[in-house]
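Given next are the chains, with one letter for each unit.
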Amino acid sequence: MNIPTKALPFHAGELRAQQLAGGGPPGFAIREAMPEQHRDFFAMLRYMMVATVDHDGWPVASIVTGPSGFATSPSEEELVIGRDAHWLSDIQPFLHAGKPVGMLGIDLNTRRRNRVNGTISHLDAEGVHLDVTQSFGNCPKYIQLRSIDDHAVMTATTSQAARSLTSLDAQAQAMIARADTLFVATTSNPHAAENGGLDISHKGGRPGFIRVDGNTLTIPDFVGNRYFNTLGNILTDPRVALLIIDFDHGHVLHLQGKGEVLWHASETAQVTGAQRLWRVHVQHASILHNAVPLRWKFVEAAPTTLATGIWPRESEAVPAK
């Protein structure tokens, strides 16, 4: 089935971000339903990144796992997350009918990733049913290769012990400093913008690409598909959720805060490959220990990642003008 794309699938915030960045994508393939290739891809996955909003409308970013086949697509307009899925406690209370959901299907072992956005239609004995409104692929840039370590999975202990933080403590800062992968959930406030909704995106870089200044994170934006889903959403609703996974131990760091985009900051030149910067002023943080039942082995960094830089050490930094 040839599923049509929307004539103009971007909302006002994305269009504004594209304008501020000097232009949008040369083309796009954002569909209103899932093509067969995407349906097959989601059905083979053992983990997906997922976002929704909490009771106050703040984005929440998390990961859902399960055996291969725990997600199915009975039709082009539907994705079902089966009852054997392992949801984390940071998102499970917010899974209700009518809630927007953004999902990122990603296979770190092949660098394939596809996105699907929609709304929860209902929950039943089969699982969580999602009505699809957007489906599109993303390129493999900045995805570090990782394979699931099934031996470690067999011996891993899993809990959902959560620790709330009033500020970024030593463990949180260490997880950020080691991170080469970040997931970010944003919303355009769908009631205020045509073609709006919820997105969860992947961002990658070399360890040290996220700068920490107290409770503020500064993140370089490298060249991508120029859709500007994340930055466009921030222009309409600055609330942001970040997810950092400790792939070795299954710990999860979840952050929520207000985002801003720095389109022409002089600091951008401090990070090789950065085209602009964005910041998150963290207001809430939590760490879930041993929460993810999977473990991954690092294989190699993406060539696109190796071509980028990191923030200089404090003694090397060039003061911002």
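That block above? That's the structure.
Overview of the structure. Predicted model only: the values in this text are computed from it and were never measured.

**Focus: the packing of helix α1 (residues 12-20) against helix α5 (residues 229-236)**
Piece 1. Between α1 and α5, the shortest axis-to-axis distance is 7 Å and the interhelical angle comes to 115°. In terms of axis orientation, α1 runs roughly perpendicular to α5. Handedness of the crossing formed by α1 with α5: right-handed. Residues G13, E14, R16, A17 and L20 of α1 pack against N229, L231, G232, N233, L235 and T236 of α5.

**Comments concerning the packing of aromatic side chains**
The geometry of two aromatic rings is summed up by the distance between their centres and the angle between their planes.
Piece 1. Scanning the model with the defined rule gives six aromatic pairs in all.
Piece 2. Through pairs of rings, three or more aromatic residues link up here, namely F10, F136 and Y227.
Piece 3. Over the ring of W311 we find R211, and its NZ or CZ is 4.3 Å from the ring centre.
Piece 4. The ring of W58 is capped by R239, whose NZ or CZ atom sits 5.8 Å from the centre of that ring.

**Thoughts on the nonpolar core**
Soluble, globular proteins show a tendency: their nonpolar side chains are buried together.
Piece 1. Counting residues in each nonpolar core, the largest one holds 36 residues, and the members touching the most others are I210, L242 and W278.
Piece 2. At the level of secondary structure, the elements contributing two or more residues to this core comprise α4 (170-178), β11 (181-187), β14 (216-221), α5, β15 (239-245), β16 (252-262) and β17 (276-289).
Piece 3. It is β17 that contributes the most residues to this core, six residues altogether.
Piece 4. L104, F247, L294 and W296 belong to the second largest nonpolar core, which has 26 residues in total.

**Considering empty space enclosed by the protein**
Piece 1. Under the counting rule described, the total for this entry stands at two cavities of 30 Å³ or more.
Piece 2. By volume, the largest cavity is sized at about 400 Å³.
Piece 3. Taken together, 25 residues form the lining of the largest cavity, with H202, K203, D221, G224 and N225 sitting closest to its centre.
Piece 4. Counting residues per element, the ones that place at least two in the lining of the largest cavity are β7 (112-124), β12 (198-204), β14, α5 and β17.
Piece 5. With four residues, the top contributor of residues to the lining of the largest cavity is β12.

Basis of the calculations
- Counting of residues starts from 1 at the beginning of each chain's written sequence and follows it residue by residue.
- For this predicted model, a pLDDT threshold of at least 70 governs which residues receive local features, and a threshold of 80 or more governs which side-chain atom pairs are given and counted, while totals over whole chains, interfaces and linings are taken from all residues.
- Derived side-chain values reflect all non-hydrogen atoms in the structure, with water molecules and hydrogen atoms excluded from consideration.
- Whenever a helix is involved, its axis is fitted only over the stretch in contact; in every case the axis is a line through C-alpha atoms, and angles between N-to-C directions fall within 0 to 180 degrees.
- Helix numbering and strand numbering both begin at the N terminus, where a helix is a DSSP run of H or I of at least 4 residues and a strand a DSSP run of E of at least 2.
- Each angle is binned into one of four classes, with values under 35 degrees roughly parallel, values over 145 roughly antiparallel, values of 65 to 115 roughly perpendicular, and all other values oblique.
- Handedness of each helix crossing follows the sense of rotation of the near helix against the far helix: counterclockwise by less than a right angle gives left-handed, clockwise gives right-handed.
- Whether two residues touch is decided by their heavy atoms; if any such pair falls within 4.5 Å, the residues are in contact.
- Centre distance within 6.5 Å is the pairing criterion for rings of Phe, Tyr and Trp, where only the six-membered ring of Trp is used; planes under 30 degrees apart are then read as stacked, over 60 as edge-to-face, and the remainder as tilted.
- Only when the NZ atom of a Lys or the CZ atom of an Arg is both within 6 Å of the ring centre and within 35 degrees of the ring normal do we say a charge sits over the ring.
- Nonpolar cores were defined as sets of buried Ala, Val, Leu, Ile, Met, Phe, Trp, Tyr and Cys residues, with membership established by side-chain atoms within 4.5 Å.
- Burial status follows relative accessibility: with a 1.4 Å probe on protein chains alone, a residue under 20% of its type maximum counts as buried, one over 50% as exposed, and anything between as partly exposed.
- Whether a set of points on the 1 Å grid over the protein atoms alone is a cavity depends on a 1.4 Å probe fitting there but being unable to get out, while an open set qualifies as a pocket with protein on both sides within 12 Å along at least five of seven lines; lining residues are those with an atom within 4 Å of a point.
- Grid points are joined across faces, edges and corners, and a volume is the space filled by probe spheres set on the points.

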